[in-house]
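# Close look at the chain arrangement
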Amino acid sequence: MIIYLLKSTGCLALLLFFYHFILEKEKMHNFNRFYLLGSVLFSFLVPLTTITVPSSTVMLEAVQDYSLPVLDDNISPIVIQESFNYTLLLTGVYLLISALFLIRFGMNLFKIIQKTRINDKINHKNATLVLVDDEILPHTFWKTIFINKTAYKKGEIEEELFTHELTHVTQKHTLDVLLIEVLQIVFWINPLFIFLKKAIQLNHEFLADSTVINQHKNTFQYQHLLLNKAAWKNEYYLASNLNYSLTKKRLLMMTKQSSHTKILLKKLTIIPLLAGFVFLFAERVEAKNKEDKNSFKTSTQTTTKNNLKLNDNKKVFKNLIENIDQKYNLDTYKKLNKTYESKRNAKPHFIKSSEKRQKELTDLYSKLGGLFFKLSKADKKKVKRPVHPHDPYVRLMKNNKVFYKLRTELSREDKLLIPPPPPPPNASEEVILKAKMEYKAWKKRTGNTISVPPPPKNKKRKIKFKPTKEVKKSKAYINKNVKRELISKSELDVLDPKEIASVNIVKGKKGIDSIKIDLKEKHKKLNTKFLYTTKNSQNKSTLENSNNVKYYLDGKEISKKEMKEISPDKIKSVNVKKNKDGSGAIYINTKKL
């Protein structure tokens, strides 16, 4: 499953890379829409396809003294501890986060349905207009367009905006957004779906902009309209909105002239690209020849006499595994345990036997413990653990000398000679420290100098996070501390979109939003390269709209009307002072000739 997800993610990443650098630059937005949606389906299906490749003949030469692999049985019995199931924990965390995304999706959907239900509705062409009290730009969800009630009744909504939103309705762009939202809920851990969603929504705006320009035939007027509406906020998460991703890329796309030959060549390039991805990410399966099926008989006896020509080496490993399973199954354990018990119960007892017999019983006990360890949980319940050869005696050690005593004969001093148990492998530092102290005290009171190996340490990896190239090159960090010139809306109309290098919109906390504009070169009329303009947000609580504001020009008090008549070119600086009660003053200093 992990390999499938890695292949699918890699395929989708390459498809998005090709779209961003090749297809997105051309005016073929309808084709790009189906390319982006098809990329998701293609990335899911390609890892499931199989490619049959010819099998290679393998020559296996038999060895005269052939024997099965033998595992080292001279090991001490291992105590099995139930380990914590981290897989189950990670699965639970993953599903919990998916559930939170699903709840967020449901709440956003409910919010839109609730807005549709409680507000007035008007049929308009192929859509339904929902008149809301919120001061918003038109937004589209499915066949519903949300618009400001007051602006609609006053006729302040431009015809270009209706055309833009109706394009979202007729072309059913909401379906694309809902599909990506559902995929993000299931595959939230995959960051590619974030980039895919942004690419799809931006392509939707390309389609809507193209429709508006084709119908109204006024590109520059529409561009200035978008810039004037850029600072409006979007309160509808799942809806398509007019000012989504208003960047230089979107403005330039309106005036871009594409060659039909170039577009056709880029479309044809996709065919070998997809074929290459199928060959790269598909699963390869070796073909089986009919002659190979009867080329040999799998038998461990014939391998000691003849050389075998094998094409299907999987059968050899299967036979080896079956033989190993037979060696370590329940019946084998019972037979070996019966042999061990008969030798252990024979006289003399283990503690009175010779070193040779003690070694034989100890090795047999270790081998039996290894077999018990390899049994399944169900088989372990059917048999008993192997009994230690010195049972019922207890092994004690004092001053590095080993002796044995019956458990019933142990005195209080003898019990102090029993070594404390070692800490488990995943023990905490407190438990390990406590075990060390107990072992140190045991060595001191018994006079033993033999040390035991320390428990395995869990090495913690240090994870370093480095900012990506996208973060370093983000527009939010470009020209952050430069001095900008405030321009009016009339001066904003002077700008040509081709002169703009970047547009950054900063949402204000006190009711004012600012639009920062960086030009490619210094503007001749405006005499600057860095500009900004402001726009009131939904709430009109700014100082400029307050009635308790005094205006001063070069130290002299003037009226608000006189303040508005001042030319921005003559202004040197503007200082604003605001009080807690809402009153304040604006001090304007003009340039001295």
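It should be emphasised that the depicted structure is a prediction, and the values quoted were computed from it without experimental measurement.

Cut-offs used in this document
Residues numbered from 1 in each chain as written. Predicted model: local features only at pLDDT ≥ 70, side-chain atom pairs only at ≥ 80, totals over all residues. Heavy atoms only, no water. Core = buried A, V, L, I, M, F, W, Y, C linked by side-chain atoms within 4.5 Å. Buried < 20%, exposed > 50% of the residue type's maximum accessible area, 1.4 Å probe, protein only. Helix = DSSP H or I, 4+ residues; strand = E, 2+ residues; numbered from the N terminus. Contact = heavy atoms within 4.5 Å. Polar contact = N/O pair within 3.5 Å; in protein donor to acceptor, adjacent residues only side chain to side chain. Expected span 1.5 Å × (residues − 1). Arc of directions from axis to C-beta.

### Examining the nonpolar core
Ile-145, Tyr-222, Leu-495, Ile-517 and Leu-531 are the most contacted members of the largest nonpolar core, which has 29 residues in total. Of all the secondary-structure elements, those providing two or more residues to this core are β4 (127–132), β6 (144–148), α5 (159–170), α7 (192–216), α8 (219–228), α9 (248–255), β13 (500–506) and β14 (512–519). Excluding residues that lie within four positions of it along the chain, Ile-517 makes contacts with Arg-484, Leu-492, Leu-495, Ile-500, Ser-502, Lys-529, Phe-530 and Leu-531. One finds Tyr-19, Leu-183, Leu-273 and Phe-277 within the second-largest nonpolar core, a separate group that totals 25 residues.

### Some points on the environment of Lys-25
On the secondary structure map, Lys-25 appears in the loop between α1 (2–23) and α2 (29–45). A relative accessible area of 45% places Lys-25 in the partly exposed class. The spacing of Lys-25 and Lys-256 is 231 residues in sequence and 9.2 Å in space, taken between C-alpha atoms. In contact with Lys-25, not counting residues within four places along its chain, are His-20, Met-253 and Lys-256.

### Regarding the environment of Arg-284
In this fold, Arg-284 is placed in strand β8 (residues 283–286). Residue Arg-284 is classed as partly exposed on the basis of its relative accessible area, which comes to 40%. Each C-alpha atom of the pair Arg-284 and Thr-49 lies 8.7 Å from the other, and the pair is 235 residues apart in sequence. If sequence neighbours within four positions are ignored, Arg-284 has contacts with Ile-51, Val-53 and Phe-279. A polar side-chain atom of Arg-284 sits 2.6 Å from the main-chain carbonyl oxygen of Phe-279.

### Regarding helix α17 (residues 429–446)
Across its 18 residues, α17 extends 26 Å between first and last C-alpha, which sits within 8% of the 26 Å expected from 1.5 Å per residue. Within α17, the full set of buried residues consists of Ile-432, Ala-435, Tyr-439, Trp-442 and Thr-446. Projected down its long axis, α17 shows its buried positions confined to an angular sector of 85 degrees, all on one face. Every exposed residue of α17 that faces more than 90 degrees away from the buried side is listed here: Glu-429, Glu-430, Leu-433, Lys-434, Met-437, Lys-440 and Lys-444. Tucked inside the fold, the buried residues of α17 contact β10 (393–398). Positive backbone phi, at 80 degrees, marks Gly-447, one or two positions downstream of α17.

Keep in mind that these numbers describe shape and distance, not what the molecule does.
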